[in-house]
Amino acid sequence: MIEQVKEHVKGLLASGKIAGFLGLRNDAGVVTPFLFKQEEQLDSSFSLGETESQGTMRYPMAKLALHLIQNCDDDSTYGVLVRGCDERALNELKRWNQLGNPDRIVQVGVACTLGLAEEHECRKPFPDEFVAGEKVDPQTNNSVQQVLAKDLDSRLAFWSAEFDRCIKCYGCRNICPVCFCNVCTLEEDALIKTGNIPPENPMFHLTRAVHMAGRCIDCNLCTEACPAEIPLRTLYKRVAEIIADEFSYVTGATGEGKSPLNILGSDPGHTAAND
Amino acid sequence: MKKLIEFYGIDPERLSLKWVSSAEGPRFAKVITEFVDKIREIGPSPLRPKVLMEAVSVEKAS
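Note that the structure is predicted; figures quoted are calculated from it, not measured.

A. Seen up close, the layout of surface pockets. Residue and element names in this part refer to chain A. In this structure, the second largest pocket occupies an estimated 470 Å³ of space. Contributions of two or more residues to the lining of the second largest pocket are made by α4 (84-95) and β5 (105-109). With 5 residues, the top contributor of residues to the lining of the second largest pocket is β5.

This is the structure in structure tokens:
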């Protein structure tokens, strides 16, 4: 599988179609993102994030691609390694007008193994097009239903206990592939008191949740990154459900169209202002 | 917003979002008075630190 990806990328590099390939490399057992520019580099250290099995180490490739596109001096085209989640993130970034010319990114898709899909209860463990791997069945995550089954008081106790562990490392925000703002509300003292641990409850986490509306593509990186093991995904997943109910908008889908929260005016036809 | 705070465990009736123009002084007063009356009826917030910490300690113990 990894050989197929390597050959495909080598072809892209040799043809001059891409100036570099944003992938992962294994450097003495440590997997990190890396911009491959020469074919030989692929031979020596290319990785699919496998320290134990495929994808044990995941990175927000879409966010890294965004930084690459925004910060490189020329307008070269780059190849990017994408899983299903990375593709959804890139789609969402496009919808938020973050990628400029989307043709500058050439996606090199890989389908995830069943084990990886199950581990992250992934809703679509493969990109639309992929060069290696096999399509496995989408998995479901029931964490939202579990919280909805509780009454209001139990929900509040549940979330308060979870957020009470927060050490405000901003890991959830930093790893998030669709968190692209230059200035972050979470660091504004006027809006959320800074300097307290755990951060102001529930303002800190609900603020982040509101900002995930129409953006979160359910990649599970936030929950995976959280050192306090807070089930952040459950909260953002519920936010995504609300947006789907209200605006019939599914995040991360391929194609044109804006996120409903990225439209000024009355375009979505929603009149809930006084709800 | 209401659905989000409901998921978090806060009575959605505790939140009200209304558009009031700066030219609508009487309406502003009416909206606020009505909401204050409603909140008084619902009673104190479950987010008061003492009440919240008790709920957290019960949750942690369970």
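B. Local environment of the confidence of the model for chain A. Confidence in the prediction of chain A, expressed as mean pLDDT, is 85, and 94% of residues score 70 or more. Confidence drops under a pLDDT of 50 for residues 269-275 of chain A, and excluding neighbours within four residues, the segment shows 9 contacts in the predicted structure.

C. Seen up close, the interface of chain B and chain A. At the interface, 22 residues of chain B touch 29 residues of chain A. Each partner contributes to the roughly 2300 Å² buried at the junction of chain B and chain A, and carbon and sulfur atoms together form 69% of this total. Per-residue buried area on chain B facing chain A is highest for Leu4(B), Phe7(B) and Tyr8(B); these three make up 38% of the total on that side. Linking chain B to chain A there are 1 salt bridge. As a salt-bridge pair, Glu246(A) and Lys3(B) come within 3.0 Å of each other at their nearest N and O atoms. Elements represented by at least two residues in the side of chain B that touches chain A include exactly α1 (2-8) and α3 (49-61) of chain B. Broken down by element, the residue count for the side of chain B that touches chain A peaks at 7 residues, all from α1(B). Looking at the side of chain B that touches chain A residue by residue, the classes come out as 14 nonpolar, 1 polar and 7 charged.

D. Structural context of helix α7 (residues 152-163) of chain A. The terminal C-alpha atoms of α7(A), which comprises 12 residues, lie 16 Å apart, in line with the 16 Å expected from a rise of 1.5 Å per residue. The element α7(A) is extensively covered by neighbouring structure, given that 9 of its 12 residues are classed as buried. Regarding α7(A), the residues found buried are Arg155(A), Leu156(A), Ala157(A), Phe158(A), Trp159(A), Ser160(A), Ala161(A), Glu162(A) and Phe163(A). Those residues of α7(A) that are buried are in contact with α6 (143-148), α9 (203-211) and α11 (232-247) of chain A together with α1 and α3 of chain B.

E. Up close: the packing of helix α3 (residues 61-71) of chain A against α4(A). Residue and element names in this part refer to chain A. Packing of α3 against α4 brings their axes to within 8 Å, and their N-to-C directions diverge by 45 degrees. Considered as vectors, α3 and α4 are oriented oblique to each other. Contact with α3, carried on its side by Met 61, Ala 62, Ala 65 and Leu 66, involves Asp 86, Ala 89, Leu 90 and Leu 93 of α4 and no other residues of that element. Of the residues that constitute the contact of α3 with α4, the class distribution is 7 nonpolar, no polar and 1 charged.

The rules behind these values
Residues numbered from 1 in each chain as written. Chains lettered and ligands numbered in written order. Predicted model: local features only at pLDDT ≥ 70, side-chain atom pairs only at ≥ 80, totals over all residues. Heavy atoms only, no water. 1 Å grid on protein atoms, 1.4 Å probe; cavity = no way out; pocket = protein on both sides within 12 Å on 5 of 7 lines; lining within 4 Å. Points joined across faces, edges and corners; volume = space filled by probe spheres on them. Helix = DSSP H or I, 4+ residues; strand = E, 2+ residues; numbered from the N terminus. pLDDT = per-residue confidence, 0-100. Contact = heavy atoms within 4.5 Å. Buried area = accessible area lost by both parts, 1.4 Å probe. Salt bridge = Lys/Arg side-chain N within 4 Å of Asp/Glu carboxyl O. Nonpolar A, V, L, I, M, F, W, Y, C, P; charged D, E, K, R; others polar. Expected span 1.5 Å × (residues − 1). Buried < 20%, exposed > 50% of the residue type's maximum accessible area, 1.4 Å probe, protein only. Axes fitted to C-alpha atoms, helices over the stretch in contact; angles between N-to-C directions. Parallel < 35°, antiparallel > 145°, perpendicular 65-115°, else oblique.

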